[in-house]
Amino acid sequence: MLTRTSDRRPVSELVHEQRPQESQEMALVPTVTNDGPVIVEVEMGADSSTTTVRATVVQAATVFYDTPATLDKAERLLVEAATLGAQLVVFPEAFVGGYPRGTNFGVIIGNRTAKGREEFRKYHASAINVPGPEVDRLAAMAGKYKVFLVMGVIERDGYTLYCTVLSFDSQGHYLGKHRKLMPTALERVIWGFGDGSTIPVYETPIGKIGAAICWENRMPLLRMAMYAKGIEIYCAPTADSRQVWQASMTHIALEGGCFVLSANQFCRRKDYPLSPEYSFLGEEDMDPNHVVCAGGSVIISPLGTVLAGPNYDGEALISADLDLGEIVRAKFDFDVVGHYSRPEVLSLYVWDHPAPSVSFASESEKSEISHK
């Protein structure tokens, strides 16, 4: 279980590195534990006329192939975040259900293996139905700890899996989901594709919140659609721990004039099942403590200032106070769907209807009759 202290040492004594680009008006106030994650908080001198929201991104590993244990871990992390005063908590991509790093499910062009099919069966069993009992439990957690919750899950819809983000309000209501539009590389073998009907931005008392997952954040037209919906707190659950990811997150914050909250897992080889049940290709003798995903979770302001993180040290709760007045200050410079747009030259059409593989004429007829 995570622990924290009320240590309030001077900045000169803190282990968290002060970055040159950080404003001198911003005081870093971390809480350091001996056996738990580094808790990084940021206190900002916000104007009393603007709203301030305390946000936390979770950097932690899934309990792979054990969804009940993963939900238990999520609740422990939520308790800790709520203790820190978090109003919004963002979890990594595929936290519930797991990100199957290092495996290929026995797929080569023209062939699948029996072992790979069995790996997919177990992965499918770890996914969750939406709606379903796991969604109900997550909603109850959000309501119990009074936080807005953004959770990365693997969604099971029949026999197809989707990489999905679920959102919940602080009253314990399920708000909806976003399915990843474009899985990356081999992800396309195991995950289906989302459509335009699940690109929501939710208007909440703490701001307009939406999410895009991992490399779909690099899709300019998807970002433009979210900006057009007025997103203010842009959540970016990811599996990318490379340094270059930070450049993408800073760019999105500046481009959209929004806060960007990126949550990634920190995990070691031992966080996955042992070989031969689960093999990292080409790394059968990998040290159990070898880091397979180094995190890099971060919170960035609309003006491109890094407020907290990136953390590459271990599991962590990374927190910052978001002064929503900073959005207006940033939009004064650049409003990508407002005064800095040229719709008579460049425009975007978004097909935001569900795109089922099969539609039945009888259902369409019933719908027409009900609307007469």
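Here's what I pulled together on the structure shown here. (Residues numbered from 1 in each chain as written. Predicted model: local features only at pLDDT ≥ 70, side-chain atom pairs only at ≥ 80, totals over all residues. Heavy atoms only, no water.)

**Re the packing of aromatic side chains**
Applying the stated rule across the entire model yields 15 aromatic pairs. On the numbers, 5.3 Å between centres and 85 degrees between planes, the contact of Tyr272 with Phe280 is edge-to-face. Across the pair, Phe280 and Tyr272 agree in class, each one buried. A centroid spacing of 6.5 Å and a plane angle of 40 degrees characterise the contact between Tyr349 and Trp351, whose relative ring orientation is tilted. With respect to burial, Tyr349 and Trp351 carry one shared label: exposed. (Phe/Tyr/Trp six-rings, centres within 6.5 Å; stacked < 30°, edge-to-face > 60°. Buried < 20%, exposed > 50% of the residue type's maximum accessible area, 1.4 Å probe, protein only.)

**With respect to the nonpolar core**
Among the nonpolar cores identified, the biggest contains 48 residues, and Leu88, Leu261 and Leu322 are the most heavily contacted of them. When residues of this core are assigned to their parent elements, the largest contribution, four residues, is made by strand 19 (residues 316-323). Excluding anything up to four places from it in sequence, Leu88 contacts Arg54, Ala55, Thr56, Phe148, Val150, Ile206, Ile209, Ile233 and Leu261. (Core = buried A, V, L, I, M, F, W, Y, C linked by side-chain atoms within 4.5 Å. Helix = DSSP H or I, 4+ residues; strand = E, 2+ residues; numbered from the N terminus. Contact = heavy atoms within 4.5 Å.)

**Considering the environment of Gly116**
One can find Gly116 in helix 2 (residues 114-126). With 13 residues separating them along the chain, Gly116 and Thr103 place their C-alpha atoms 9.0 Å apart. For Gly116, the residues in contact, after removing those within four places along its chain, are Phe105 and Gly106.

**Quick look at the sheet that holds strand 12 (residues 207-211)**
As summarised here, the arrangement of the six strands in space is 11-12-13-14-17-18, forming an open sheet in which the pairing is mixed. In the strand order of this sheet, the two ends are held by strand 11 (201-204) and strand 18 (306-311), each with one partner. With direction set aside, neighbouring strand axes in the sheet form an average angle of 15 degrees. Sitting on the sheet, helix 5 (residues 220-228) touches strand 11, strand 12 and strand 13 (233-235), and the angle it makes with strand 13 is about 145 degrees. (Pairing = 2+ DSSP bridges. Axes fitted to C-alpha atoms, helices over the stretch in contact; angles between N-to-C directions.)

**Regarding unusual backbone geometry**
Looking along the chain, the bond that leaves Val130 and enters Pro131 is cis, with omega of 0 degrees. With respect to the helices and strands, Pro131 occurs in the loop between helix 2 and helix 3 (133-145). Residue Ser275 is joined to Pro276 through a cis peptide bond whose omega torsion reads 10 degrees. When you line up the elements, Pro276 lands in the loop between strand 15 (266-268) and strand 16 (291-294). Here the phi dihedral of Ala94 falls at roughly 55 degrees; this positive angle occurs in a residue that is not glycine. The topology assignment puts Ala94 in the loop between strand 5 (88-90) and strand 6 (107-108). With a relative accessible area of 0%, Ala94 lands in the buried category. The backbone of Cys214 sits at a positive phi, close to 50 degrees, despite the residue not being glycine. Turning to its location among the elements, Cys214 is positioned in the loop between strand 12 and helix 5.

**Quick look at the state of the cysteines**
Counted by the stated rule, this structure contains zero disulfides. No disulfide involves Cys214; its nearest neighbouring cysteine sulfur is the one of Cys163, lying 7.9 Å away. Considering cysteine sulfurs only, Cys267 is the nearest to Cys293, which forms no disulfide, with 4.8 Å between them. (Disulfide = S-S within 2.5 Å.)

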